[in-house]
Amino acid sequence: MTGNEIAQRALAQVGTPFRLRGRNAGVALDCVGLALVALGPLAGKRAESVSYNMRGDYRADVARYFRSPRFRRLTDIVPPMDGDIVLVSPAPSQLHLMIAAMGGFVHAHAGLRRVVHGPAFPDWQILDRWRVVGG
């Protein structure tokens, strides 16, 4: 699967209602559910092991999930490419996953109650990024 395919799968979910722990494409998603849908078959069974709350530090769980030959952690400062998975901190003690797509990001926005596409918020700190290997 390529980064472009991941981005397109994420973009197809724009407008889907937000629901905490939502995992159903086109029905209800949260940020983890959106990432799993976007990754499709790359998500694998390990995805079920990622647990979290709306607030708290589950960064180690997310990093452990992406510690796989399928993904490369991006440690250099390069512009995001379509399909990159980005972990941000929108507020203290809050983590959020987004998918880079078409010069912006797709993410499940709890405040707007739906999956949206747009620019990153300037005050959201990028904590980590991963890219599909070979994508």
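The preceding data block contains the structure.
In this report, we go over the structure that sits alongside the text. (Residues numbered from 1 in each chain as written. Predicted model: local features only at pLDDT ≥ 70, side-chain atom pairs only at ≥ 80, totals over all residues. Heavy atoms only, no water.)

## Quick word on unusual backbone geometry
Put simply, the rule reads: Numbering of helices and strands runs from the N terminus; a helix is a DSSP stretch of H or I covering at least four residues, while a strand is a stretch of E covering at least two.
Phi is positive for Arg-21, close to 65 degrees, though the residue is something other than glycine. Its place among the elements puts Arg-21 in the loop between helix H1 (3-11) and strand E1 (23-24). Even without glycine at this site, Arg-113 takes up a positive phi of about 65 degrees. If you trace the backbone, Arg-113 turns up in the loop between strand E6 (104-109) and strand E7 (114-118).

## As for the packing of aromatic side chains
To keep things clear, this is the line we draw: Any two of the Phe, Tyr and Trp rings considered here, Trp counted by its six-membered ring, make a pair once their centres fall within 6.5 Å; the pair's planes then place it as stacked at under 30 degrees, edge-to-face at over 60, or tilted in between. Exposed residues in this analysis have more than 50% of their type's maximum accessible area, buried residues have under 20%, and partly exposed residues fall in between, with area computed by a 1.4 Å probe over protein chains only.
In total, this model carries five aromatic pairs according to the counting rule given. Summarising the aromatic geometry, the rings of Tyr-65 and Phe-66 are spaced 4.9 Å apart at their centres and angled 80 degrees between planes, so their arrangement reads as edge-to-face. Side by side, Tyr-65 and Phe-66 carry an identical accessibility label, which is buried. Between the aromatic rings of Phe-66 and Trp-130, the centroid separation amounts to 4.5 Å while the plane-to-plane angle is 15 degrees, which identifies the pairing as stacked. Taken together, the residues Phe-66 in helix H3 (residues 59-66) and Trp-130 in strand E8 (residues 125-132) connect sequence positions 64 residues apart. One exposure class covers both Phe-66 and Trp-130, and it is buried. Three or more aromatic residues joined by ring pairs make a cluster, and in this case those are Tyr-65, Phe-66, Phe-71 and Trp-130.

## Details of the sheet that holds strand E3 (residues 71-73)
The criterion, for reference: Note on pairing: two strands pair once DSSP finds at least 2 bridges between them. Axis definition: a line fit to C-alpha positions, over the contact stretch in the case of helices; interaxial angles, taken between N-to-C directions, run 0 to 180 degrees. The contact criterion used is simple: two residues touch if any of their non-hydrogen atoms lie within 4.5 Å.
Read from one edge of the open sheet, six strands run E3-E8-E4-E5-E6-E7, paired in antiparallel fashion. Each edge of the sheet is formed by a strand with only one pairing partner; in this case those strands are E3 and E7. The mean angle between the axes of side-by-side strands here comes to 30 degrees, regardless of whether they run parallel or antiparallel. Pairing of strand E4 (residues 85-91) with strand E5 (residues 94-101) involves five bridges; the strand directions are antiparallel. From the neighbouring strand, Ala-91 faces E5, where its bridge partner is Gln-94. Where H1 meets the sheet, its contacts fall on E4, E5, E6, E7 and E8, and the angle it forms with E5 comes to roughly 115 degrees.

Function cannot be inferred from these measures alone, as they are strictly geometric.
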